[in-house]
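# What the coordinates show
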Amino acid sequence: MNMAFPGTKASPKKPSKPDMKRYSPEIEYLTGRFKASRHASFRKVKFEYTGGSTQYLLKEAADSFEKMAEEAKKDKITLFIVSGFRSFNRQKRIWEDKYLGVTLVENKNLRETYPNHPEKRIALILKYSSIPGTSRHHWGTDLDINSVSPSYFNSGEGKKIHEWLEKNASRYGFFQPYTPGRSKGYETEPWHWSYKKISKSLLKKYLSNVTKDHIKGFEGDSFLPDSFLEDYVKGINHD
Ligand SMILES: [Zn+2]
């Protein structure tokens, strides 16, 4: 992990220091500025349902996911979470690695390909990745199941799993925010599911309380498109 120390200037290649700005408790929750491991409403998902990785969710969402994964076994379907809760700082690292060319996006080093066009880098990152502070993964209600590769879900095992989820997940309270056919926001994400009972009200709170002033503290934050909250937070499947 890259560390920036007080008094040193972060090199432009390395992600800058963690965001430490303080906001109201509600804004900090909605924008992921907290540790799930220290939050009383969160718990770790059992390792047998995460492929061994450490994943936190709100307790109710974790209970529901585990119940669903247990039931799925009876149909020979294996479900596991590859990504549950993500903090602002985790999302900031993902974002900055892409923005600064540490992680390739569509096989390109964005920093080298578009050195003077931050808005182009941002548009490419936004196909699948969220701006820090705007991810539904900050809420503890949203999770990625089995894989985050679009091709995995197009055939074979992945297709079977997605069909099972489309048929059954709603009985456990989950819905898909990033379906095909939306006019705004991220590309289709067949892996991303959301615990609707709670995330629906969190979205409402988010849209009425979070403003652009709360979405700061990372590389590229002054070049964000004007309509990012409207397009990427609101631009989900509202069924
Ligand atoms: Zn996701």
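Above this text sits the structure in question.
Residues numbered from 1 in each chain as written. Predicted model: local features only at pLDDT ≥ 70, side-chain atom pairs only at ≥ 80, totals over all residues.

### Considering helix α3 (residues 88-99)
Compared with the 16 Å implied by 1.5 Å per residue over 12 residues, the 16 Å span of α3 between its first and last C-alpha is a close match. In terms of burial, α3 is largely enclosed, as 9 of its 12 residues are buried. Here the buried face of α3 lies against α4 (110-113) and α5 (118-125). The first or second residue beyond α3 is G101, which carries a positive phi of 85°. (Helix = DSSP H or I, 4+ residues; strand = E, 2+ residues; numbered from the N terminus. Expected span 1.5 Å × (residues − 1). Buried ≥ 20, exposed ≤ 12 C-beta atoms within 10 Å, placed from the backbone. Contact = placed C-beta atoms within 7 Å.)

### A short note on the pairing of strand β6 (residues 192-195)
Taking every second residue as pointing to the same face, both faces of β6 are buried, with H192 and S194 on one and W193 and Y195 on the other. The sheet contact formed by strand β4 (residues 142-145) and β6 spans 3 bridges and is antiparallel. Across the sheet, L143 pairs through a bridge with W193, a residue of β6. As judged from the 2 bridges shared by strand β5 (residues 174-175) and β6, these two strands associate in the antiparallel manner. Looking at the pairing, F175 lines up with S194 of β6. (Pairing = 2+ DSSP bridges.)

### Focus: the sheet that holds β5
One open sheet holds the 4 strands; their spatial order is β3-β4-β6-β5, and the pairing between them is antiparallel. In this open sheet, the two edge strands, each paired with only one partner strand, are β3 (81-83) and β5.

### Structural notes on the environment of A36
Along the chain, A36 falls in the loop between α1 (25-30) and β1 (42-44). With residues up to four places along the chain from it excluded, the contact list for A36 reads F42, Y56, F85 and G140.

### Quick word on the nonpolar core
Counting 25 residues, the largest nonpolar core has L57, F65 and I145 as the members making the most contacts within it. Residue assignment for this core shows that the elements contributing at least two residues are β2 (56-58), α2 (59-74), β4, α6 (156-168) and β6. Here this core takes 5 residues from α2, the largest share from any one element. Residue contacts for I145: discarding those within four places in its chain leaves L79, I81, L165, W191 and W193. With 11 residues, the next largest nonpolar core counts L110, I125, I131 and L224 among its residues. (Core = buried A, V, L, I, M, F, W, Y, C linked by C-beta atoms within 7 Å.)

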